[in-house]
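Residues per chain, in single letters:
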Amino acid sequence: MDVGARLVRDYEDGAGVAESKPVDWPDPGQYLAATLPVWGLAAGSVQVFAAAADRYRQATGTTPIRHRLNPERIAASFSSDRLLRIDGAPVEGFADLSGFFPTFDGWVRTHANYPHHRARLLDALELPADAARGLAEAQMAMIRAADLEELAAARGAIVVRVRDEAQWRAGPQAGAAGAGPLVALVERNDRRRYTLPVSGTPYQPLQGVRVLDLTRVIAGPVATRALALLGAEVLRVDPPRLPEISWQYTDTCQGKYSTLLDLRSASAVWEALLDSADVLVTGYRPGALERLGLTGRPGLVHARVSAWGFTGPWAGRRGFDSIVQAATGIAVIEGASAVPGALPAQALDHASGYLLAAGIVDALAARTGDGRGRDVRVSLARTATWLLSERGRTPGHAAPAVPGPGNTVVHGQVVSAAPVLAEFPDYPFPAPGYGRAEPRWADKPVPEHH
């Protein structure tokens, strides 16, 4: 069985949904070439999403469409940060204090793209806020990797020790991260009568579905962008005092509206939005939203993405795709002798995003029958565990092929990757001006973009 087909089977078995029809799995050539079967993970997650969309079409009486897997288009979408051009220039994916650093006894990987994460890392290293990279590098070189990992976690900074597979499996966090289904789709007892959208079309079956997006970076935004591609009205909500990294927003906010809202001080506005939403997508660490009293609507589909899962000793820790790769052994597998490496794309993020989107769509399809609310959960570490468990490694692979310009779309000064589903030439509209929408639902015209 093809790796992608196994992912589809594992998703459908774990989520308890109807089995989809087998598909033809195209030869990927060298797209997403890696030691681990990254192409199978990517193509499988996209097929999972396409199959869920067809189950929703069937549940709502909309005609299914014929999806096809295009290796170059999938590789382009998964590598979107490398294809993105703003004013003709590429973007820098990682800040100067994000990356691999040698320590006293090994390697760590850090993530400090956001200013507050950079500040916490420097604080953990007991360095001034304006310290140069060289000083931080020298400081890390004098500390043991395991000590640095714990020191950073205590300060809210993001650092992990680079482990091989055996080292990862030996820790208690590995068992928790790999437990349970690939996508957890859990039915709740609360219910609410929903009126089915009547305006859905084969290519826009989610018209009339309202989605609140409280996620950042890649996995969550990819999931909600996929929902927008299928016609959902997606309102992204960001805190006013923690702006998103601008290129990241440009890359993943196509087809969505963007508003700024302090959930603590604007609770009435938030309550009104939540009362009329179909889906809430969050990337907060476990328990954070509950402590703020921001969840709990009858019939709501609440989808969550986390780095390490929702139980176990690392459940409350921050993490990103590159960090999960480093901790779980992937960086060692994809690296050269004694030097860690990385997957050819942030595939844990993108695949988790499409898996989460599929879980949301299947939850919506199920809700059409019973009105019940459902929780949908994915984690990057669970996706990584699945990838590591798959057979078919190719350590002698050629360099990954670079997708051509035919897989991009152009809007003004922005060149970005086309949608992962080859049937769609573009998203409904490019990323709009950050935070420019009002915090409310409405039939709105296409917003002005950057």
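This text follows the structure it describes.
Residues numbered from 1 in each chain as written. Predicted model: local features only at pLDDT ≥ 70, side-chain atom pairs only at ≥ 80, totals over all residues. Heavy atoms only, no water.

Caption draft 1: Geometry of the overall build of the protein. Within the protein, the secondary structure is distributed over 17 helices and 14 strands. What you see for the protein is a C-alpha radius of gyration of 21 Å, in line with the 22 Å of a compact globule of 450 residues. A buried classification covers 57% of the 450 residues belonging to the protein. Considering only intrachain contacts with a sequence separation of at least 6, the fraction spanning at least 24 residues in the protein is 73%. Accessible surface, the protein as shown: approximately 18,000 Å² in total, 52% of it carbon and sulfur. (Helix = DSSP H or I, 4+ residues; strand = E, 2+ residues; numbered from the N terminus. Rg over C-alpha atoms; globule rule 2.2 N^0.38 Å. Buried < 20%, exposed > 50% of the residue type's maximum accessible area, 1.4 Å probe, protein only. Contact = heavy atoms within 4.5 Å. Areas by Shrake-Rupley, 256 points an atom, 1.4 Å probe, with all protein chains shown as cover.)

Caption draft 2: Structural view of the nonpolar core. Membership of the largest hydrophobic core comes to 99 residues, with the highest contact counts inside it found for Phe 49, Ile 74, Phe 78, Leu 206, Trp 308, Leu 356 and Ile 360. Among the elements that line this core, the one with the most residues is helix H16 (residues 347–370), at 13 residues. Each residue touching Leu 206, except ones within four places of it in the same chain, is listed here: Tyr 56, Leu 227, Leu 230, Gly 231, Ala 232, Val 361 and Leu 364. Judged by nonpolar contacts, the second largest core, of 18 residues, contains Leu 235, Trp 270, Phe 429 and Ala 437. (Core = buried A, V, L, I, M, F, W, Y, C linked by side-chain atoms within 4.5 Å.)

Caption draft 3: Highlighting the sheet that holds strand E10 (residues 279–282). The seven strands lie next to each other as E6-E12-E11-E10-E7-E8-E9, forming an open sheet whose pairing is mixed. The open sheet has two edge strands, strand E6 (184–191) and strand E9 (257–260), and neither has a second partner. Strand-to-strand twist across the sheet, computed as the mean angle between neighbouring axes with direction ignored, equals 20°. With five bridges joining them, E6 and strand E12 (residues 372–379) adopt antiparallel strand pairing. Bridge pairing in E12 places Val 186 opposite Asp 375. (Pairing = 2+ DSSP bridges. Axes fitted to C-alpha atoms, helices over the stretch in contact; angles between N-to-C directions.)

Caption draft 4: Layout of empty space enclosed by the protein. With the rule as written, the count across this model stands at five cavities of 30 Å³ or more. Reported here for the second largest cavity is a volume of approximately 60 Å³. Every residue along the wall of the second largest cavity is listed here: Gly 93, Phe 94, His 111, Asn 113, Val 217, Ile 218, Trp 247, Gln 248, Phe 320, Gln 346 and Asp 349. Among the residues forming the lining of the second largest cavity, the class breakdown is five nonpolar, five polar and one charged. (1 Å grid on protein atoms, 1.4 Å probe; cavity = no way out; pocket = protein on both sides within 12 Å on 5 of 7 lines; lining within 4 Å. Points joined across faces, edges and corners; volume = space filled by probe spheres on them. Nonpolar A, V, L, I, M, F, W, Y, C, P; charged D, E, K, R; others polar.)

Caption draft 5: How the structure looks around the layout of surface pockets. The calculated volume of the largest pocket comes to roughly 1,300 Å³. Residue assignment for the lining of the largest pocket shows that the elements contributing at least two residues are helix H5 (115–124), helix H10 (219–229), strand E8 (233–238), helix H13 (288–292) and strand E11 (301–306). Taken together, the residues that form the lining of the largest pocket break down as 22 nonpolar, nine polar and 11 charged. Computed from the structure, the second largest pocket encloses a volume of approximately 660 Å³. If you trace the second largest pocket, you find 20 residues lining it, with Lys 21, Pro 22, Val 23, Gln 47 and Asp 54 closest to the centre.

Caption draft 6: Just helix H17 (residues 380–389), in detail. For H17, the buried fraction is high: eight of the 10 residues fall into the buried class. Residues of H17 that are buried: Leu 380, Ala 381, Arg 382, Thr 383, Ala 384, Trp 386, Leu 387 and Leu 388.

Caption draft 7: Seen up close, the pattern of salt bridges. For the structure shown, the criterion picks out 26 salt bridges. A salt bridge links Arg 6 to Glu 390, with the nearest nitrogen and oxygen atoms 2.7 Å apart. Taken as a pair, Arg 6 in helix H1 (residues 3–15) and Glu 390 in the loop between H17 and strand E13 (408–411) lie far apart in primary sequence, 384 residues in all. Each member of the pair, Arg 6 as well as Glu 390, is classed as buried. Two residues, Asp 54 and Arg 57, come together in a salt bridge whose shortest N-O distance is 2.7 Å. Taken as a pair, Asp 54 and Arg 57 lie in helix H2 (residues 38–59) at a separation of three residues, close to a single helical turn. A relative accessible area of 22% means that Asp 54 is categorised as partly exposed. (Salt bridge = Lys/Arg side-chain N within 4 Å of Asp/Glu carboxyl O.)

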